[in-house]
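# Topology and contacts: notes
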Amino acid sequence: TINNLSLPSNATTGGYIGRNLAERLLINEYLGTYFADFTDDIDTPLSYELEYILHGSSSDKENLENAVLKILAIREGLNYMHIISDTTKMQMAYELAVTISGALCLPQIIFLIKFLIIAVWALVESAMDVKCLLAGGKIPIVKSNDDWRSNLSSLFNILSANTLEESEISGKGINYEGYLKMLLYIEDPVKRNFRMMDIMQLDIGVGQNDFLIQDMVYGIDASIGCGTKRIFSEIPMFSEEFTTLSSGYDMEIKVEKIY
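Described in the following lines is the structure provided in the data block. (Residues numbered from 1 in each chain as written. Predicted model: local features only at pLDDT ≥ 70, side-chain atom pairs only at ≥ 80, totals over all residues. Heavy atoms only, no water.)

## Regarding the packing of helix α3 (residues 60-84) against helix α7 (residues 176-185)
As a reminder of what qualifies: All axes here are fitted lines through C-alpha atoms, helices being fitted over the stretch that makes contact, and every angle between N-to-C directions spans 0 to 180 degrees. Numbering goes from the N terminus for both helices and strands, where a helix is a DSSP run of H or I of at least four residues and a strand is a run of E of at least two. For classification purposes, an angle smaller than 35 degrees is called roughly parallel, one larger than 145 roughly antiparallel, one from 65 to 115 roughly perpendicular, and anything else oblique. Contacts are residue-level and defined by heavy atoms, with any inter-residue pair within 4.5 Å sufficient. Charged residues are taken to be Asp, Glu, Lys and Arg, nonpolar residues to be Ala, Val, Leu, Ile, Met, Phe, Trp, Tyr, Cys and Pro, and polar residues to be all remaining types, Gly included.
For the pair α3 and α7, interaxial distance at closest approach is 11 Å and the crossing angle is 90°. When the axis of α3 is compared with that of α7, the two are roughly perpendicular. Residues L64, A67, K70, I71, I74 and R75 of α3 lie in contact with α7, whose contacting residues are Y176, Y179, L180 and L183. A per-class count over the contact of α3 with α7 returns 8 nonpolar, no polar and 2 charged.

## Quick look at the packing of aromatic side chains
Stated precisely, the cut-off is as follows: The rule is short: rings of Phe, Tyr and Trp, with Trp giving its six-membered ring, pair when the centres are within 6.5 Å, and they are stacked under 30 degrees, edge-to-face over 60, tilted in between. Buried residues are those whose accessible area, probed at 1.4 Å on protein chains only, stays under 20% of the maximum for their type, while exposed residues exceed 50% and partly exposed ones sit between those limits. We count a charge as sitting over a ring when the NZ of a lysine or the CZ of an arginine lies within 6 Å of the ring centre and within 35 degrees of the ring normal.
Inspection of the entire model under this criterion finds 5 aromatic pairs. Taking 4.9 Å as the distance between ring centres and 45° as the angle between the ring planes, the aromatic pair formed by Y30 and Y34 counts as tilted. On the criterion of helical spacing, the pair formed by Y30 and Y34 is a turn pair, its members being 4 residues apart in helix α1 (residues 21-34). Aromatic pair F111 and F115: ring centres 4.8 Å apart, planes at 55°, arrangement tilted. On the criterion of helical spacing, the pair formed by F111 and F115 is a turn pair, its members being 4 residues apart in helix α5 (residues 110-134). Taking relative accessible area as the criterion, F115 reaches 26% and is therefore assigned partly exposed. Site record: aromatic cluster; members linked through ring pairs are Y30, Y34 and F35. Here R24 stacks its cationic end above the ring of Y185, 5.0 Å away from the centre of that ring.

## Observations concerning the side chain of K114
The condition that has to hold: The charged-residue count follows a simple rule in which Lys and Arg add positive charge and Asp and Glu add negative charge, with His and chain termini not counted at all. By definition, a salt bridge exists where a carboxyl oxygen of Asp or Glu is found within 4 Å of a side-chain nitrogen of Lys or Arg.
By secondary structure assignment, the location of K114 is in helix α5. Lacking a salt bridge, the buried K114 has E95 as its closest oppositely charged neighbour, with an N-O distance of 12 Å. Leave out the neighbours within four places in its chain, and K114 touches M90, A93, Y94 and A97.

Shown next as structure tokens:
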């Protein structure tokens, strides 16, 4: 946990947001290269730096919880789509729904029970995905049958035991950092940039107690204007050609430098 009173993000009033897709992608790559996450296991004022840039809480615990819940929601939606597009899994869910509705003597709710089973199945699979990611594994964005981990026969055991089965760490797909970078890409750019500066200030402050980002120059916009005469309008043989124009013209150059 950190004290965030002196951090740059507390004084956020506006800032540079990036002007094109390539620049935002480059910033994302910079984030992945120079900021740590849960899987990096480092000891800094905030150990989960990418999670902080995503959420902005003063505690590692809250930032990690937020990141995990967002990834879980992404995976649940994708896993749900996988199930409903797989005829075999849909048939399995239907058969289980028939069994449950028969035991309850409520055959009219088979349809409702089936989609409840699908939702729970997708959630359990997603929880297993997140566990794999936090352990350093990878999960494909869109799964194939070979990538699927859970099955209906073990679903109730997992729910009753309140624990996930151990499974092999996957090496196919996108890792935890990759999912964080996807979330950071759609994060508000101004908040993202100021939180990046928060982490820089915290890390540099470990060795330099009085370091503050607010004392640093991090960007400048310059607008340079000048005026000049028209060269050819001063030559007698061409002067008549320029009678409708002013004798001079202005130029303006804009320069932007940010680091």
